[in-house]
Amino acid sequence: MAIDRRDFLKVAGLTTVIGLTGGGLELLRPGDLDASAPGHEPAAAPGAKQWGMLVDMSRKENWQACIEACHNLHNVPSIDDKKEEIKWIWQAPFQEVFPGSESAYMSDVMKARQFMVLCNHCAEPACVRVCPTKATFKRPEDGIVMMDMHRCIGCRFCMAGCPYGARSFNWREPRLDALTLKGGRKINLEYPTRERGVVEKCTFCAERVDEGKQPACVEATRNGGLVFGDLNDPHSEIRQLLRVKSTIRRKPEVGTNPSIFYVV
Amino acid sequence: MYNTGKVLTGLVLFVGFITYPFWGGEASPVPKLQKPEKEKQCIEPVAFMRAQHMQMLDDWRNDVVRQATRKYTAVDGKQHNMSLQNTCMKCHTSKKEFCDKCHTYAGVSPFCWTCHVPPKETT
C-alpha cells in the first residue's frame, strides 16, 4: 500500500494534535511523576505536633555537654578532618549561623559567642523535597525530619539542599572496630552506627521522643538553655516562652520555616 | 558421529560431576544454634521465626523508622520493643553463635551489621 505525501502529512499532523491535547499534556501535568515536588509531601495529620526547640544563648550552659550527650548516644564519630567530620549538633560563630544579620560593629560578646546549631526540623524541609528515594522524610504525626538509613543511597542531594549544613556524609566507615568509633569513643550498643556512603543528621532523638522523653541535648542542659516542645500547641512551654522572648531563626528568607528558635 | 565413546563418557562424567551435590555424600549437618539461657520461648513460635524472621525484621524497620510505631504485639498478646539490638540480641547474645552460624550454612549474607551493632562477643 502506497501512501502519498499529502496523506502522510495529514496523519502526522493529526497524531501531533492528539499527542499534545491528550496523552502528551497528561505527561506534562504535575502529578505522581514528580519525585517529590513542592506540595506533594503528605499533609500533616489533623492535630499533628510540630516539635521545635528554643535555644537560649543568654543562659549559661555547658554546651559542650549537650554535644557530647548527643554524639555519645547516637554513635557519632569524632573526625578532626573538617571535610569528613560528622556532626549532629555543633557550635558555630554568629556570622556562620545568621549570615546577613551580622553587623560591622557587633558587640564583643556576640563575636565571641559560639551558637548551638542542629537540624532545624523545618516545616518546609528542602532536604525532603530533593531526596530521590524518600529516605529523608517528614513524620506527619510530629514534624520530625527523619532519615531512613536503609534507603539512603548517598547521593548527597539533601546536603546540597539543606541551607543550614546540618547534614554530614560518611566518607569512611564510622567504626574503627566492632566496639570503637572513629576518634576512639566506645560504641553505644543500644543504638546503631551508620555505614560508609550514607548521609546522617540530628533526628530530634526520635527514639526518645517516641517514648515520651526529651531529646538528649535538652536533658543535658542545666539552666534551661534548650527548651523542647510542640509548636502547634499554644499552651506548651515553648510557645509560652516564644510569646515573651524575642527570638530569631536561621535564614528565614529561604522559606524552609525552621523549628529552632534562638535567643541571641 | 566421531569419537562417540569419548563424547558420551565425557558427557556422563560431566553430568555426574555437576549433580554430585544432589546424590553424593551426606548433606552437611544442620547447624546447632546457641539458645538463650534465660528465655524458653522466642517472641513468636520457633517455626514462624525460622521461616519469617527476615520478613519480620523488614516490617519492624519500616514500622519503627517510617511509621514511628515501636511496639510489636506478638500472637500471644505480649508486647515487645521492635529493635534488633535491644530486643533480639538481648536474648540471642552472640551473633557468631546464632545469626552467623545459620546464615553461613544457608549461604546468605544480610547486611544488618554494617550499621547495627552486634552484642559484645564473650568468646
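Note that the structure is predicted; figures quoted are calculated from it, not measured.

About the criteria used
Residues numbered from 1 in each chain as written. Chains lettered and ligands numbered in written order. Predicted model: local features only at pLDDT ≥ 70, side-chain atom pairs only at ≥ 80, totals over all residues. Heavy atoms only, no water. Helix = DSSP H or I, 4+ residues; strand = E, 2+ residues; numbered from the N terminus. Rg over C-alpha atoms; globule rule 2.2 N^0.38 Å. Buried < 20%, exposed > 50% of the residue type's maximum accessible area, 1.4 Å probe, protein only. Contact = heavy atoms within 4.5 Å. Areas by Shrake-Rupley, 256 points an atom, 1.4 Å probe, with all protein chains shown as cover. Lys, Arg positive; Asp, Glu negative; His and termini not counted. Charge placed at Lys NZ, Arg CZ, Asp CG, Glu CD. Salt bridge = Lys/Arg side-chain N within 4 Å of Asp/Glu carboxyl O. Polar contact = N/O pair within 3.5 Å; in protein donor to acceptor, adjacent residues only side chain to side chain. Nonpolar A, V, L, I, M, F, W, Y, C, P; charged D, E, K, R; others polar.

### Remarks on the overall build of chain A
In step 1: Counting its regular elements, chain A contains ten helices and nine strands.
In step 2: Here the C-alpha atoms of chain A give a radius of gyration of 24 Å, more than 25% beyond the 18 Å that 2.2 N^0.38 yields for 264 residues.
In step 3: For chain A, the C-alpha atoms occupy an extent of roughly 90 × 50 × 45 Å along the three principal directions.
In step 4: Taken over 264 residues, chain A has a buried fraction of 44%.
In step 5: Partitioning the intrachain contacts of chain A with sequence separation of at least 6 by distance along the chain shows that 66% fall at a separation of at least 24.
In step 6: When the accessible surface of chain A is summed, it comes to about 14100 Å², and 56% of that surface belongs to carbon and sulfur atoms.
In step 7: The centroid of the 36 positive side-chain charges in chain A is displaced by 3 Å from the centroid of its 33 negative side-chain charges.

### Focus on the pattern of salt bridges
In step 1: Tallied over the full model, the rule gives 18 salt bridges over all chains.
In step 2: The shortest N-O distance in the salt bridge between Lys 10 of chain A and Asp 7 of chain A comes to 4.0 Å. One end of the pair is Lys 10 of chain A and the other is Asp 7 of chain A, both in helix α1 (residues 5-21) and three residues apart, which spans about a single turn.
In step 3: Assessed through its relative accessible area of 36%, Asp 7 of chain A is described here as partly exposed.
In step 4: Note that Asp 58 of chain B and Arg 61 of chain B form a salt bridge whose closest N and O atoms lie 3.2 Å from each other. One end of the pair is Asp 58 of chain B and the other is Arg 61 of chain B, both in helix α3 (residues 46-67) and three residues apart, which spans about a single turn.
In step 5: Judged by relative accessible area, which is 29%, Asp 58 of chain B ranks as partly exposed.
In step 6: Classification of Arg 61 of chain B by relative accessible area gives partly exposed; the value is 32%.
In step 7: Several salt bridges converge on common partners, so that one network encompasses Arg 139, Glu 141, Asp 142 and Asp 210 of chain A together with Arg 70 of chain B.

### A closer look at the interface of chain B and chain A
In step 1: Contacts between the two partners involve 16 residues from chain B, matched on the other side by 27 residues from chain A.
In step 2: In this structure, the connection of chain B to chain A is made through three salt bridges.
In step 3: Linking chain B to chain A there are 13 residue pairs in polar contact (both at pLDDT 80 or more).
In step 4: Of the residues forming the side of chain B that touches chain A, the biggest block, four residues, is contributed by α3 of chain B.
In step 5: Here the side of chain B that touches chain A is composed, by residue class, of six nonpolar, five polar and five charged.

### Describing unusual backbone geometry
A negative phi angle is the norm for most residues apart from glycine, just as the trans form is the norm for most peptide bonds.
Residue and element names in this part refer to chain A.
In step 1: With phi around 40°, Lys 251 is a residue other than glycine that occupies positive phi space.
In step 2: Positionally, Lys 251 belongs in the loop between α10 (237-244) and β9 (260-263).
In step 3: Unlike most non-glycine residues, Asn 257 shows phi in positive territory, near 55°.
In step 4: Structurally, Asn 257 is set in the loop between α10 and β9.

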